[in-house]
Amino acid sequence: MEKIEKDKMTVAELRELATHVKNLRGMLGASLSDEELSKVGRCLRSALREGSAAHDSHGLCIAVTTMQTACVFAEMVDPDHNILLAITMYPLYENSTMSAEDIRKEWGEDVAGLIEGMANVSRFSNRNSAHNQENFRGLMLGLAHDIRVIIIMIVRNLVLMRNINHHPDEDWVKNVAFEANCLYAQLAHRLGLYKIKGELEDLSLKYTNRDIYMQIAHKLNETKRSREAYIKSFIVPLKANLEAAGLKFEIKGRTKSISSIWNKMKKQKVDLPGIYDLFAIRVIIDTPLEKEKSDCWLAYSILADMYTANPARMRDWITIPKSNGYESLHATVMGPESKWVEVQFRTERMDLVAEKGLAAHWRYKGVKGDSTDHWMNNIRDILETAEAGPMQLMKNIQADAFGEEVYAFTPKGDLFKMSAGATALDFAFHIHTNVGAHCTGAIVNGAHKKLTYKIQNGDTVEILTSVNQTPRQEWLNIVTTSKARNKIKQSLNEEKQRLADLGKESLMRRAKNRKVEIDEGVLMKLIKKQGYKFALEFFAEMGADRIDSGKFLNAYVDFTTQDPDTEPEKISAEEYQIIRKEEDSKDDVLVIGEQSINGLSYKFARCCNPIYGDEVFGFISSDGAVKIHKCDCPNAAHIRERYPYRIIRADWSGKTGRMLSASLRVIGNDDIGIVANISSIIAKEPNTNLRNISIDSHDGIFQGYLVIGVTDQRQLTSLIKKIKTVSGVRDVTRI
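Numbers given for residues are sequential positions, taken from 1 along each chain in its written order. In keeping with the model being predicted, local features are shown solely for residues with a pLDDT of at least 70 and side-chain atom pairs are shown and tallied solely at 80 or more, while totals for entire chains, interfaces and linings include all residues. Think of the side-chain values as coming from all heavy atoms in the structure, minus any hydrogens and water.

(A) Broad picture of the environment of Val 666. Within the secondary structure, Val 666 is located in strand β17 (residues 660-669). For every residue, the accessible area (1.4 Å probe, protein chains only) is compared with the maximum for its type, and the residue is labelled buried under 20%, exposed over 50%, or partly exposed between those bounds. Given a relative accessible area of 1%, Val 666 falls into the buried group. In the structure, Val 666 is positioned 58 residues away from Lys 724 in sequence and 8.8 Å away in space, judged by C-alpha atoms. Contacts between residues were defined by any pair of non-hydrogen atoms, one from each residue, lying within 4.5 Å. Excluding residues that lie within four positions of it along the chain, Val 666 makes contacts with Ile 678, Phe 702, Gln 703, Gly 704, Leu 706, Val 729, Asp 731 and Val 732. We count a stretch as a helix when DSSP gives it H or I for four or more residues in a row; a strand needs E for two or more, and each element gets its number in order from the N terminus.

(B) Main features of the nonpolar core. If you look at the biggest cluster of nonpolar residues, it comprises 63 residues, and the most contacted ones within it are Phe 73, Ile 154, Met 161 and Ile 196. By residue number, the principal contributor to this core is helix α8 (residues 147-163), which donates 11 residues. The residues touching Ile 196, leaving out its near neighbours within four places in the chain, are Met 76, Val 77, Ile 154, Val 155, Leu 158 and Ala 188. Ile 216, Cys 296, Ala 331 and Val 343 belong to the second-largest nonpolar core, a separate cluster that totals 38 residues. Grouping buried Ala, Val, Leu, Ile, Met, Phe, Trp, Tyr and Cys residues that are joined through side-chain atoms within 4.5 Å yields what is termed a nonpolar core.

(C) Representation of the sheet that holds strand β10 (residues 447-449). The antiparallel open sheet is built from 3 strands, whose spatial order is β10-β9-β11. The two strands at the open ends of the sheet, each matched to only one other strand, are β10 and β11 (461-465). Going from strand to strand, the sheet's axes swing by 30 degrees on average, the running direction of each strand aside. The pairing criterion for strands is at least two bridges between them, as found by DSSP. For strand β9 (residues 439-444) and β10, the ladder comprises 3 bridges, and the chain directions are antiparallel. Following the sheet pairing, Ile 443 is matched in β10 by His 448. Fitted lines through C-alpha atoms serve as axes, helices being fitted only where they are in contact, and the angles separating the N-to-C directions of these axes extend from 0 to 180 degrees. Of the strands in this sheet, β9 and β11 touch helix α18 (residues 424-431), which is tilted by about 85 degrees from β11.

Printed below as a string of structure tokens:
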């Protein structure tokens, strides 16, 4: 590599700088005036004359990379006036040529705020970020206070990655590449900057595993001609059919990114020829907003008529967009030569969002998600009625993506994420339960603090402990995190359990000495009569010597020698006054009683929801109505044991047709489309309807509860078998 004098730019660098300035001037239009560009130029030249370094510590030209960043931001995100000024002026602030006050006076409050935000993020950029990706990302967002700063940092990282190919410092390059992949690519994905994300991931693979990158690139280049010919043969008939349907559109074909291909090869454990969706076709439809969904689905239906679709690979992000606003309909079909092809349907507006992310997203629709998605939804709400450019609107949006969280370091440099308002005691429990249990205080940024100190962003916290310290009841009023509160309660409960064991042992020892037989049921009644809701609390009080076990044993003996309560008179089912229905009973599906009494008023128990064909029995309730339960109802054993005299026989009359509710629990993989497939099966089943559905998803597994209207047990059994055949469904049980 050519040796560079640190304080001078080479001729090649000066030429490149001039090219970038020219390109930037052409892209900006009216965003930056000639006067402003000239002013920026004067500031940069002045900085160079004052002896500022032309290159950074890694030999990269500061002026060139700065103008590259401005050009990339204008091209790939948005040609925003203040952002471009902040990007170009930041090096002058960084090397102290201009102060924040100078910039504020020259360029305004907004530009100065952006530059200070960039400085805040850069201040932490070398503190274990690559190894604490999720935490460091949150710290960046917490410190930046302006979402535009985060986007600037992503673009700056992209420019850096483009400039370090074959850099002599290989260890530094690998660290930069690791950070780009783990941090900036993930942030770009969260903001919908997919082009930037893809390029960062590709460059990261190139720098960390060049052999793999070059092998895949070489194989792709070898098959480029045949692949392009195949894409063309696929597009031609599809284009003709779409045009026949009256759609206005543009079709693009592309090969998947190298990093995406490599990830698939590792995941599927196959070589490049084994990747079945190596390339994708994108259909971009020109249609008004109100017809977007219908036209995308129309285009999909045309494709599905031409080729066999793979339902497992269906992705509907039109009905429910991704958390970063991405909307598209993805389908994978078996094309000519039995090759799988992925086809993406989206409108011009959707494509602009996919290409430029958040900055291009004018009208957003909120979806549920984690705390980062909640932040994205807040941004959508603000942009919903946008009248100015989106980048201009975003300058007032606070970029604390995790909203309610702060980030602090240990003395060793490890980074921890805590909820806002967390105390030093919370931090101690976050490190380890034993550290929290013995915590006596903390040293924060070199100063002693109490347990009640509230953690601030960027704090360095050292926890002080003592072996004599144990959790106290009042600690529950200090901590704010559920983890710390649960650990404190657990420790207090363990102490309570120890005392309870001592108390119960004391009572049993006294009872044994006096030859008193202890009945657990009677004991529990007496404990509740003493005013204790739980036996644990009572025995803990006894273990702490606040209740005398001898006196309580005397009370127990007195309690057991009293006359027992008289058993209430039992009335048999035959003696109950059973309610008859006033209306005609010819259509009854049940006959009740030993003599098949028709016309009785009955209800189906909600605890087991019996349907035609189940083995059932009747239970006469206090109001005279008969409740019908399944014989294997969870409450059946209790009813038979407690009220055998109120049970009456019930049989199905043989008349079907009445629709009854049955509840099912479905467990399966949380795949897109699985719920739609289950709903479709139910909808196609004759004399069946879906009355209610609730879904809960966690760690890639969903659990759904369905209430289905069916006419008999055989129909339900058949439906359960069909639902079990849905791809991704693990188990279906009736509840």
